[in-house]
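Listed below are the residues making up each chain.
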Amino acid sequence: MNAASETVRASNFVGGEWVGAGSGRTYQRENPAHLDEVAVIAPDSDASDVEQAVAHVAEGYREWASTPPEDRADVLLRAADLLAERADALAVELVREEGKTLAEARVETRRTPQNLRMYAGECLRLQGESYQAAGTAMVLTMRDPVGVVAAITPWNFPLNIPSRKLGPALAAGNGVVFKPSELTPLLGQRLVEALLDAGVPGSALALVHGHAEVGKALVSDPRVGAVTFTGSTAVGEAIHGNVPPWVRTQLEMGGKNALVVWDDADLDKAADLVSKGAFGLSGQACTGTSRVVAHERIANGLLDRVMERARAAVVDDGLRDGATMGPLANLAQHEKYDAYLRVGAADGGRLETPTHGCAPEGGYFARPAVFSGVRPDHRLAQEEVFAPILAFLTVSSYDEAIETVNATSYGLSAGVVTASLDTALRFARDAEAGVVKVNQPTTGLAMNAPFGGWRRSSTQTFKEQAGPSMMQFYTREKTVYLTPEDPA
Ligand code: NAD
């Protein structure tokens, strides 16, 4: 092992201190590109660790809530600076822990401080309203923090997604108990370290590592005022059933995103957009393209070009020069990929690209797989795989294209590639999705725009990332009536 591959020990942050799990138990997270290398050893926490963390933050967050908003903004700006200074080291750790390529990791380490800078501004933008009242009386509204926010996140953007939750939650003066994915404890911890180093008080922030047990205990704790979760639809739906009815939830979940390629599209550009959305991040982006819906007049030409790009992918350790796709995140992801290769064939799809015997060994590597001949009712067109498997569907009319795009229970991201403004506008109107892209990959989001899915991709109550409803999620509106003692 060289210095860069030494095992790192992660800790919980509970009660203002770095500690292990109360039980003393730990678990290991392997480097998904080198299974013989332990990237991180982390506390394997349980409900009693959560109980302590919530108790401490429920009591302690008021110190942070009463910090002047301009000072809270300064702290978030300092945290952003620290993350930017640490970006090179973070990018390498991200590759080792999660499996992205270094180039993909750098996009994330650059975006995360940018997010915190944007949320610093939100500290100063929180405002209430006043209403007409009789005489010298006043009626006004103010926005209070909700208290304790539970933040539960997936592994695929282990810095960026948590920053989109901890940033606005802290900007509003809340305390946060954060449970990162068990696959990426270290990157979750790096975000917390930067926030604490920048001046977030230890009374307002807790970090509890571990598995589903930790998340379950956290969302069902009655002292938690808001649950913000990003992850799979199955887990999101389970959380929905476990949260007390008075607690607000923001559940951002899975997708089965389609990119329509119309008969007037430039096929080389369209194939670039398809392969970026389908194979970027090794197919492990929530907004990744898992279905292509091609007009029959250009379907063969597009398929040839997408296959060319799939064959050209360099699947390898993300730290190696030239790697364009890192490994899948873990064994479960790899088993799912293998299972859906079988499902795709059993349903009658044709696997157009060789997948076995040509990926590197020693990690959870998977080559891009393109299935042609897929029909809308095939499982490959309905179920989220979260791997580089692309279902290729063919249609002959606009109505059939829209029907196909909307024929899943998800509604996260949908796109169209076309030279026609008319087709683009119709598509933007007709697609049943929270994000619609025209001549762009289904992946990639503007950080300053609202984000969230429709249907089973989201609770759809409050948007994440930006926009007017984002801070509403992290604050409670209070209506205050004021009358002078002597109203004369
Ligand atoms: P996951 O649902 O398995 O886990 C997400 C988090 O929930 C983890 O921290 C996990 O430990 C925790 N958890 C598991 N069971 C729990 C329970 N019963 N109660 C509370 N917490 C529990 O998801 P994942 O595998 O980490 O991530 C991949 C999924 O996330 C994909 O479905 C992807 O589409 C989705 N995702 C969605 C978005 C989005 O913004 N819509 C973004 C990224 C990823």
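Predicted model only: the values in this text are computed from it and were never measured.

> How would you summarise the pattern of salt bridges if you had to cite specific residues and measurements?
In this structure the tally under the stated criterion is 29 salt bridges. For the salt bridge of Arg190 with Glu93, the shortest nitrogen-to-oxygen distance reads 2.8 Å. Of this pair, Arg190 sits in helix α6 (residues 185–198) while Glu93 is found in helix α3 (residues 87–98), placing the two residues 97 residues apart along the sequence. Glu93 shares its class with Arg190; the two are buried. Of the charged contacts in the structure, one is a salt bridge between Arg350 and Glu352, with a shortest N-O distance of 3.8 Å. Look at the salt bridges and you will find they share partners, linking Asp268, Asp272, Arg305, Glu308 and Arg309 into a network.

> Tell me about the domain arrangement of the protein, residues and numbers included.
Per the domain assignment, the segments of the protein are domain 1 (3–253 + 458–479) and domain 2 (257–438). Taking only C-alpha atoms, the centre of domain 1 and the centre of domain 2 are 31 Å apart. Opposite the 22 residues of domain 1 that make contact, domain 2 presents 26 residues. Together, the buried faces of domain 1 and domain 2 total about 1800 Å²; carbon and sulfur atoms form 61% of this surface. If you sort the residues of domain 1 by the area they bury against domain 2, Ala33, Thr101 and Trp155 come out on top, with a joint share of 24%. For the pair domain 1 and domain 2, the number of links is eight residue pairs in polar contact (both at pLDDT 80 or more). Per-element tally for the side of domain 1 that touches domain 2: the top contributor is α3, with four residues. Looking at the side of domain 1 that touches domain 2, its residues break down into 10 nonpolar, five polar and seven charged.

> Could you give an account of the environment of Arg476, with specific residues and numbers?
Structurally, the position occupied by Arg476 is in strand β22 (residues 475–482). In this structure the C-alpha to C-alpha distance between Arg476 and Pro222, which are 254 residues apart in sequence, comes to 16 Å. Aside from chain neighbours lying at most four places away, what touches Arg476 is Tyr61, Met142, Arg143, Asp144, Pro145, Val146, Gly147 and Arg248. At a separation of 3.1 Å, a polar atom in the side chain of Arg476 contacts the main-chain carbonyl oxygen of Pro145.

> An account of the site of the ligand is requested, with residue identities and associated values reported.
Neighbouring the ligand are 27 residues; Thr153, Glu182, Ser232, Met253 and Glu384 lie closest to it. Residue Met253 places a main-chain N or O atom 2.7 Å away from a nitrogen atom belonging to the ligand. Protein contacts shield 91% of the accessible area of the ligand, which totals 850 Å² for the unbound molecule. Elements supplying a minimum of two residues to the shell around the ligand: α7 (212–219), β11 (224–230) and α8 (233–242). Partitioning the shell around the ligand into residue classes produces 14 nonpolar, eight polar and five charged.

> Quick rundown of the packing of aromatic side chains? Include the residues and the values.
Evaluated as defined, the whole model comprises five aromatic pairs. Each ring, one from Phe473 and one from Tyr474, has its centre 4.9 Å from the other, and the planes form 85°; the classification is edge-to-face. Given a relative accessible area of 0%, Phe473 falls into the buried group. Relative accessible area serves as the criterion here: at 1%, Tyr474 is assigned to the buried category. Taken together, the aromatic side chains of Phe462, Phe473 and Tyr474 make up a single cluster linked through ring pairs. Here the basic side chain of Lys100 rests over the ring of Phe157, its NZ or CZ set 4.4 Å away from the ring centre. Above the face of the Tyr410 ring, Arg456 is positioned so that its terminal group lies 5.8 Å from the ring centre.

Rules behind the numbers
Residues numbered from 1 in each chain as written. Predicted model: local features only at pLDDT ≥ 70, side-chain atom pairs only at ≥ 80, totals over all residues. Heavy atoms only, no water. Salt bridge = Lys/Arg side-chain N within 4 Å of Asp/Glu carboxyl O. Helix = DSSP H or I, 4+ residues; strand = E, 2+ residues; numbered from the N terminus. Buried < 20%, exposed > 50% of the residue type's maximum accessible area, 1.4 Å probe, protein only. Domains from an automatic or database assignment. Contact = heavy atoms within 4.5 Å. Buried area = accessible area lost by both parts, 1.4 Å probe. Polar contact = N/O pair within 3.5 Å; in protein donor to acceptor, adjacent residues only side chain to side chain. Nonpolar A, V, L, I, M, F, W, Y, C, P; charged D, E, K, R; others polar. Near = heavy atom within 4 Å. Areas by Shrake-Rupley, 256 points an atom, 1.4 Å probe, with all protein chains shown as cover. Phe/Tyr/Trp six-rings, centres within 6.5 Å; stacked < 30°, edge-to-face > 60°. Lys NZ or Arg CZ within 6 Å of the ring centre and 35° of its normal.

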